[in-house]
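Commentary on secondary and tertiary structure
The chain contents come next:
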Amino acid sequence: MEIRDNEKICIFAPLDGKLDYRESARLLKEISAETRQVGIDLKYVYDCTIDFIEALKTSAKTKQIAIFNIPSDIFALFNIMKLDKVVNLYVSENDFQNQTRRLINREFQLV
């Protein structure tokens, strides 16, 4: 896992391609110890399990977490599971650092 930080934010970048139970537990242990704003870079990740999603939901209750550089198939999964309501999703690291262009699924319906 790669960790990039400065005085305001800390970015965790899992280098393993699959976020399973073991990687999720390790990542969220690091996140829970962090006091600054947390971002997760999913640039190298191609697959994630339900353990990662459930761990994100539980840790997002106490911490503000942002995710960026999300692959398209994982992004579709996040939208289906309504993870954008719990965690902030961004396109790039620059958007996360500037708090701009947040990805939101509006789910409009015709009446």
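Below you will find a few notes about this structure. Being a predicted model, the structure only gives us computed values, none of them experimental.

1. Things to note about the overall build of the protein
When helices and strands are counted, the protein shows four helices and eight strands. The C-alpha radius of gyration computed for the protein amounts to 13 Å, which stays within 12% of the reference 13 Å derived for 111 residues, consistent with globular compactness. Expressed as a percentage of its 111 residues, the buried residues of the protein come to 41%. In the protein, the share of contacts with a sequence separation of at least 24, taken over all contacts with a separation of at least 6, comes to 65%. Here the protein contributes 16 positively and 17 negatively charged side chains, and the mean placements of these two sets differ by 5 Å.

2. Here we look at the packing of helix α1 (residues 21-32) against helix α2 (residues 50-59)
Interaxial distance between α1 and α2 falls to 8 Å at its minimum, and their mutual angle equals 20°. Relative to α2, the element α1 is oriented roughly parallel. Relative to α2, α1 is oriented so that their crossing is right-handed. Residue-level contacts link Y21, S24, L27 and L28 of α1 to D51, F52, A55, L56 and S59 of α2. Along the lines of polarity and charge, the residues of the contact of α1 with α2 split into six nonpolar, two polar and one charged.

3. Details of the sheet that holds strand β1 (residues 2-5)
Ordered by their spatial adjacency, six strands build an open sheet running β1-β2-β4-β6-β7-β8, and the pairing between neighbours is mixed. Two strands in the sheet have a free side with no partner beyond their single neighbour: β1 and β8 (102-103). Pairing of strand β7 (residues 88-90) with β8 involves two bridges; the strand directions are antiparallel. Following the sheet pairing, Y90 is matched in β8 by R102.

4. A closer look at unusual backbone geometry
Positive phi, close to 55°, is recorded for N69, a residue that is not glycine. On the secondary structure map, N69 appears in the loop between β6 (65-68) and α3 (72-80). Note on N69: relative accessible area 24%, which makes it partly exposed. Here Q99, not a glycine, exhibits a phi torsion of approximately 55°, which is positive. Structurally, Q99 is set in the loop between α4 (93-98) and β8.

5. Observations concerning the pattern of salt bridges
Applying the stated criterion across every chain yields a total of ten salt bridges. Where K18 meets D47, a salt bridge forms, and the shortest distance between an N and an O atom there is 3.9 Å. With K18 in strand β3 (residues 18-19) and D47 in strand β5 (residues 47-48), this pair connects stretches of sequence that are 29 residues apart. By relative accessible area, which is 35% here, K18 ends up partly exposed. Residue classification places D47 among the partly exposed residues on the basis of a relative accessible area of 31%. Here D84 and K85 are joined by a salt bridge, their closest N and O atoms 3.6 Å apart.

The rules behind these values
Residues numbered from 1 in each chain as written. Predicted model: local features only at pLDDT ≥ 70, side-chain atom pairs only at ≥ 80, totals over all residues. Heavy atoms only, no water. Helix = DSSP H or I, 4+ residues; strand = E, 2+ residues; numbered from the N terminus. Rg over C-alpha atoms; globule rule 2.2 N^0.38 Å. Buried < 20%, exposed > 50% of the residue type's maximum accessible area, 1.4 Å probe, protein only. Contact = heavy atoms within 4.5 Å. Lys, Arg positive; Asp, Glu negative; His and termini not counted. Charge placed at Lys NZ, Arg CZ, Asp CG, Glu CD. Axes fitted to C-alpha atoms, helices over the stretch in contact; angles between N-to-C directions. Parallel < 35°, antiparallel > 145°, perpendicular 65-115°, else oblique. Left-handed = near helix turned anticlockwise from the far one by under 90°. Nonpolar A, V, L, I, M, F, W, Y, C, P; charged D, E, K, R; others polar. Pairing = 2+ DSSP bridges. Salt bridge = Lys/Arg side-chain N within 4 Å of Asp/Glu carboxyl O.

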